[in-house]
Amino acid sequence: MWRDLSPIGRNAETGGYRRSAWTGADADCRTWFQEQAESRGLAYETDRNGNQWAWLGDPAAGDAVVTGSHLDSVPDGGAFDGPLGVVSAFAALDELRARGAEFTRPLAVTNFGDEEGARFGLACVGSRLTAGQLTKEQAYELRDGDGVRLPEAMEAAGYDPEAIGADPGRLARIGAFVELHVEQGRALDLSGDPVGIASAIWPHGRWRFDFRGEANHAGTTRLADRRDPMLSYAETVLAARREAELAGAVATFGKISVEPNGVNAIPSLVRGWLDSRAADQDTLDTVVTAVEKAAREYADRHGVDLTVVRESFTPVVEFAHALRDELGAILRDRTGREVPVLGTGAGHDAGILSASVPTAMLFVRNHTGVSHSPAEHAAEDDCAAGVRALADVLEGLACR
């Protein structure tokens with residue numbers, strides 16, 4: 001499975017993956033998923049929001065155990081973020097069949113669409129729509145960098161954008177959702193454990209900072225006469241790092257758009273996106289407020305106008321304690337040792353669904369902690385340990 005999936009959307013120059021939603025690479029990943037489902041005799045379907053499902057047992061029976069993740073990527077992302085959870089889900093099903101497991105609950109493997117938000121700027125679009133956390137009207141306003149609207153992209157890919165929206169009936173079928181994911185940090189590497197259980201997802205969000213100045217000639221305009229938004233933006237980037245360090249949080253300006261984007265032109269607009277995350281809501285609020293305050297001071301100093309828009313936000317997610325404890329007990333019984341429980345600053349579909357169904361996550365060790373990069377990696381032995389752990393959990397939940 002890994003060999004078949006690995007070439008899809010891979011950039012030859014960077015070695016990273018470009019699997020943005022509703023593109024050719026995304027379509028190829030979806031074809032791969034359908035082929036994996038059908039080769040195992042699973043009932044395949046795509047829901048109203050473009051998420052893919054592969055069912056063992058009757059989907060309408062309810063109380064299903066669902067596992068999976070996503071197949072899309074950030075620009076030049078790594079091979080493991082998302083796909084490891086989908087591949088491991090199919091592999092865990094194979095393992096359970098090899099064990100002769102008898103299922104007492106329906107089981108499904110899923111691929112949620114547009115999890116990374118790389119194209120339209122909003123993460124977890126497929127799961128947000130399903131859970132009713134993103135309305136059809138809001139989704140229709142999403143545009144990519146070329147101005148293509150989300151419904152146009154869906155239609156071009158062969159999906160019906162008129163059908164998108166909340167799907168409470170589907171959510172009512174799910175008794176538990178367990179997502180396996182490569183760890184995006186080094187907690188397991190430091191503890192020496194191949195697999196961990198998630199406790200919570202930090203609150204996090206994305207804010208767009210629009211610095212508007214005055215375009216002018218880079219060679220003839222005196223420094224004293226300039227209204228250069230790049231200066232305010234650059235100082236704000238440094239302020240974000242400073243405030244995050246003071247608060248023990250993280251803050252990143254990782255995306256920028258400049259107009260007119262000429263080498264010999266002073267910009268008229270610098271648009272930067274802030275991603276900030278913290279262990280609790282108060283800390284996150286402190287960081288973002290301080291960054292915005294600093295940005296406004298810099299903008300005023302340089303004669304620049306500033307607009308700040310919160311584009312997305314996810315509050316702290318505490319995974320269902322009962323399900324989390326059940327996972328811990330299952331794995332402790334199977335391995336004879338406690339499995340570490342750890343928090344994460346990364347968002348996931350499991351976090352979105354947690355408001356609607358009991359959810360849990362398993363993490364697989366990442367020795368370097370690198371993620372959202374071509375250097376992202378998990379050792380084969382650890383990936384195999386993740387499959388065994390997921391199979392044990394699914395057996396404990398769906399075969400009792």
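For the structure itself, consult the block above.
Residues numbered from 1 in each chain as written. Predicted model: local features only at pLDDT ≥ 70, side-chain atom pairs only at ≥ 80, totals over all residues. Heavy atoms only, no water.

Draft legend 1. Spatial organisation of the nonpolar core. Residues Trp32, Phe33, Phe90, Leu327, Leu362 and Leu397 are the most contacted members of the largest nonpolar core, which totals 53 residues. The greatest single-element share of this core, amounting to ten residues, is contributed by helix α13 (residues 380-398). Setting aside chain neighbours within four positions, we find Phe33 in contact with Tyr44, Gln52, Trp53, Ala54, Leu71, Val86, Phe90, Val109, Thr110 and Asn111. In this structure, Trp55, Ala123, Phe319 and Leu342 belong to the second largest nonpolar core, which totals 24 residues. (Core = buried A, V, L, I, M, F, W, Y, C linked by side-chain atoms within 4.5 Å. Buried < 20%, exposed > 50% of the residue type's maximum accessible area, 1.4 Å probe, protein only. Helix = DSSP H or I, 4+ residues; strand = E, 2+ residues; numbered from the N terminus. Contact = heavy atoms within 4.5 Å.)

Draft legend 2. Region of interest: the environment of Arg332. Examined against the element boundaries, Arg332 turns out to sit in helix α11 (residues 321-335). Put simply, Arg332 and Gly345 are 13 residues apart on the chain and 25 Å apart in space, counted from C-alpha to C-alpha. Ignoring any residue separated from it by four or fewer positions in sequence, one finds Arg332 in contact with Arg337 and Glu338.

Draft legend 3. Layout of the pattern of salt bridges. For the structure shown, the criterion picks out 30 salt bridges. The shortest N-O distance in the salt bridge between Arg170 and Asp47 comes to 3.9 Å. A residue pair is termed long-range when its members are at least 10 positions apart, and Arg170 in helix α7 (residues 168-172) and Asp47 in the loop between β1 (43-46) and β2 (52-56) qualify at 123 residues. The exposure class of Arg170 is buried, given its relative accessible area of 8%. When salt bridges with common partners are traced through the structure, they connect Glu45, Asp47, Asp167, Arg170 and Arg173 into a single cluster. (Salt bridge = Lys/Arg side-chain N within 4 Å of Asp/Glu carboxyl O.)

Remember that the coordinates give geometry; whether it matters functionally is a separate question.
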